[in-house]
Amino acid sequence: MLPLNMKIDKKLLPIKGHFILYSAGTAPLIPYLSTYARQLGFSSTTVGLIYTILPIFSLLATPIFGFLADRFRIQKTIFIFFQIVIIVSFASIYFIPQSGLNLTVELDCGDGATVLKSCYRNAREIDQCSVMSLGSQNSTTQCKMSCDMTSPKMWQTVCEHWHIPKYCYSHTNSINYTSFISNISMKEDKCAYISTDNVTLEGYTFKPSCRIGGGFVDVNEPCILDCVNNQLSNILGENKANMTCLNDTLNYRLCNKDVGNMVLGSQLDKCQANCELDTSAPWKLMEICSGWGADVTDVCKPKTPAGEQLPKTLSFTGNIRLSSTVTEHSCVFIRLTDIVMPDGTVHYPNCITKAQYEMEMNLFHPLCEIDCDHAQVNELLQSAKDSTSEETYQYTKQFWMFFVFMILNWIAGGVVVAFADAICFNLLGTKKNSYGKQRLWGSVGFGLLSLISGSLIDLFSAGAYKDYTIAFVLMFVFMCGDVVVSSFMKVESLAFSLNILSDVGTLFKSARNCVFMLWTICVGLCTGLLWQFLFWHIEDVARLTCDGADYVKTLQGLVSAIQTFGGEIPFMFLSGYIIKKIGHVNVMSIVLIAFGVRFVLYSFLTNAWWVLPIEIFQGVTFGMFYPTMTSYASLVSPPGTENTVQGLVGAIFGGVGTSLGSLIGGYMYQTYKGWNTFRWFGFGAVNVGVLHVIAQYLLKDKPHLDQGYSSVIHYGHTNDAVNILDDDPDFM
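The rules behind these values
Residues numbered from 1 in each chain as written. Predicted model: local features only at pLDDT ≥ 70, side-chain atom pairs only at ≥ 80, totals over all residues. Heavy atoms only, no water. UniProt positions renumbered as here; feature names shortened; annotations may be inferred. Core = buried A, V, L, I, M, F, W, Y, C linked by side-chain atoms within 4.5 Å. Buried < 20%, exposed > 50% of the residue type's maximum accessible area, 1.4 Å probe, protein only. Helix = DSSP H or I, 4+ residues; strand = E, 2+ residues; numbered from the N terminus. Domains from an automatic or database assignment. Salt bridge = Lys/Arg side-chain N within 4 Å of Asp/Glu carboxyl O. Phe/Tyr/Trp six-rings, centres within 6.5 Å; stacked < 30°, edge-to-face > 60°. Lys NZ or Arg CZ within 6 Å of the ring centre and 35° of its normal. Pairing = 2+ DSSP bridges. Contact = heavy atoms within 4.5 Å. Axes fitted to C-alpha atoms, helices over the stretch in contact; angles between N-to-C directions. Parallel < 35°, antiparallel > 145°, perpendicular 65-115°, else oblique. Nonpolar A, V, L, I, M, F, W, Y, C, P; charged D, E, K, R; others polar.

The name an unreviewed UniProt entry assigns to the chain is Major facilitator superfamily (MFS) profile domain-containing protein, from the organism Pieris macdunnoughi. On record in UniProt, under Subcellular location (unreviewed entry), the comment for the chain is "Membrane".

Structure follows, in structure tokens:
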């Protein structure tokens, strides 16, 4: 219940509504955009580069559109227009097509079945949690595959072992070889069966095994036999004997009237065989080559019509059994149970030991592009690719689309935030000390929606791959609400200073101001690392446990909520009192040291949930920092240049500090990982904090302000005025 003496200014309700709706609309995405970029396939260096450049565009755009707004008195129009730009740019990011996974696996043979093989640089990099999770799932999943088939040997294996002969043996109409006769016998059908012991094909000797029954069909192709044995040759005459399978061995079946005169028994002579092959039944040659083990010969190698080439790839849909996922050394193996060809036929990719005369290096090991319906399988294969890839090129079509949309978003965001602050101060009139009470509504909206959106992202996602659709939906709903509420604002002419460069020389005449600017850059460096890569680090720590991917977005939402409600809001309320008690200089040193302690604590995380108590430091590193920076800038401003100096300080913090923090942090994160990056940044922040204490001690006897600042309240006295931090309890 509100106190009786508290008044609510209704003209401020729209700006309060803007702060809460704008923050609620950006909260579902702003904290997660760097991790979303990671999911799009960008490295930490690339993300750092993006966030290095973005503040510069925002810095340049704000004064330009401020000038246009003042010149043509269209503040409200520009304000609402850029809110719409934010909606469109965020929505455009959502519709950026996922870059092709370009994942590859090698097909290998294990226990008579074809398996997918994906190898890492070393076994330590394999995500054993994902392997265990997949191994516990008694189901199959489909994968679209396209395999490199540039070698005829590969086509031959597919034809013989996978029983897909149409690609390879459709263009061979005969086979010539020498057959060594071992026996002649008569059967009940009154036909002679001429059995062979060995055959010689292209100088190689093979045992002519064959298969019949159990689903296998007899070859039954006619052959002209030219035998050394005169009796056998005379009986054969112009007749053709049909190839047939008897006792798993090649026989010739002869059924003419003269077979009764044939001498039965062992006949060790040889015959030259010329057998016809039906090109419409290519499986027959496949059976011959497979049964004889004659893969080494030319006749058993794939053939195409004259002038044609064998296809370069074989495309199919493969079904893999998840429970078969295992690791060996530095590789992951998953069994390929069956494949479905484009014509709908189903085949079983069996494999056998190497054929005679074949060396291990010549066995069937094609490389296949693959895209599975199971996100966790794709993640496992992507990790293997990242582990072994030496490719550093990141500037894909997806990168440029993301980069352009982010530039538009940051330009629009910078203009909206600057205009909102100016509109708020304009509406407050002489009550500028109540700005914090209006701005805190933004923290409320940001904290609540960060938590809610993080939980919903986890709820609608499977595994480590996150579905951000709900975050984009929440953004759209709240930002549209912001546009509606902002249309009810009453906006008067606002002033934006464009004289930043002309005041730089005057400000830097003061040694204290130089130290202040350097302090702002150092805090910006730490803030840039924190903003872009804290959530990356949380994800990496969460992956240390097998269930980490299931809750990571919820945890990140809790982090934002604690930063807001446990850190920023209470410390912003107390900041005026604290600064009055200990002074700006001491707060500046505390902020740097707090950053150092915070980062060092991050570097020792092994359980992601322990990040939550660390986030209380947000109260010091931002809740105390921001009022200190803005109030000190107000104190050192020459008369009439307050907005100019605030713009300069903001430019140094965002355009220099956070940009460098993003760039350096991105490079270090990719090279040294998150733990080392935060540890070294932490040690650096503590050291700079100590140097700041020493510098301020050495400057304590210097004049507090240089000539030209005599009209400004002197810093360092017990009666420092920090007007923008004062509270009016009777005003909301």
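Further notes follow.
Engineer: So what about the nonpolar core? Which residues, and what values?
Structural biologist: Grouped together as the largest cluster of nonpolar side chains are 98 residues, with contacts concentrated most on Ile93, Phe402, Trp519, Phe599 and Tyr602. With 16 residues, helix α10 (residues 397-428) is the single largest residue contributor to this core. Domain assignment of the residues forming this core places at least three in each of domain 1 (8-98 + 396-494) and domain 4 (507-701). Residues Leu225, Leu236, Leu254 and Met286 belong to the second largest nonpolar core, which totals 37 residues.

Engineer: So what about the pattern of salt bridges? Which residues, and what values?
Structural biologist: Pairs can form between side chains of opposite charge once their charged atoms are near each other. Going through the model one piece at a time under the given rule, you end up with seven salt bridges. Between lysine 117 and aspartate 108 there is a salt bridge; the shortest N-O distance is 4.0 Å. Of the charged contacts, one joins glutamate 276 and lysine 240 as a salt bridge, the two residues approaching to 2.6 Å between their closest N and O atoms. With glutamate 276 in strand β10 (residues 270-276) and lysine 240 in the loop between α7 (230-236) and β8 (241-246), this pair connects stretches of sequence that are 36 residues apart. Here glutamate 276 falls in the partly exposed class, since its relative accessible area comes to 36%. Here the salt bridges do not stand alone but share partners, grouping Glu106, Asp108 and Lys117 into one network.

Engineer: Can you tell me about the packing of aromatic side chains, naming the residues and giving the values?
Structural biologist: In the structure shown here, the tally under the stated rule is 23 aromatic pairs. Relative to phenylalanine 82, the ring of phenylalanine 81 lies with its centre 5.2 Å away and its plane at 75 degrees, an arrangement referred to as edge-to-face. For phenylalanine 82, a relative accessible area of 6% corresponds to the buried category. Here the aromatic rings of phenylalanine 516 and tryptophan 519 are separated by 5.9 Å at their centres, their planes lie at 25 degrees, and the arrangement is stacked. Residue phenylalanine 516 and its partner tryptophan 519 are located together in helix α14 (residues 511-542), separated by three residues, close to a single helical turn. Looking at phenylalanine 516, the relative accessible area reads 1%, which means it is buried. The lysine or arginine in question, arginine 679, covers the ring of phenylalanine 604, its NZ or CZ lying 4.6 Å from the ring centre.

Engineer: Which residues make up the pairing of β8, and what are the values?
Structural biologist: With two bridges joining them, strand β7 (residues 222-227) and β8 adopt antiparallel strand pairing. Within β8, the residue paired with proline 222 across the bridge is asparagine 242. For β8 and strand β9 (residues 249-254), the ladder comprises five bridges, and the chain directions are antiparallel. Paired with methionine 243 across the strands is tyrosine 252, a residue of β9. Linking two consecutive strands that pair antiparallel, namely β8 and β9, is a turn of two residues; a positive phi of about 55 degrees is found at asparagine 247 within it.

Engineer: Describe the side chain of threonine 141, with residues and values.
Structural biologist: Note that threonine 141 resides in strand β3 (residues 140-148). Residue classification places threonine 141 among the buried residues on the basis of a relative accessible area of 8%. Among all residues touching threonine 141, those that are not within four sequence positions of it are Gly318, Asn319, Ile320, Leu322, Asp373 and His374.

Engineer: Report on the packing of helix α4 (residues 75-94) against helix α12 (residues 469-486), specifying residues and quantitative values.
Structural biologist: For the pair α4 and α12, interaxial distance at closest approach is 10 Å and the crossing angle is 170 degrees. The angle between the axes of α4 and α12 places the two elements in the roughly antiparallel class. Note on element contacts: α12 touches α4 through Thr469, Phe472, Met475, Phe476, Met479, Cys480, Asp482, Val483 and Ser486, opposite Lys76, Phe79, Ile80, Gln83, Ile84, Ile86, Ile87, Phe90, Ala91, Ile93 and Tyr94. When the residues that make up the contact of α4 with α12 are grouped by side-chain class, the tally is 15 nonpolar, three polar and two charged.

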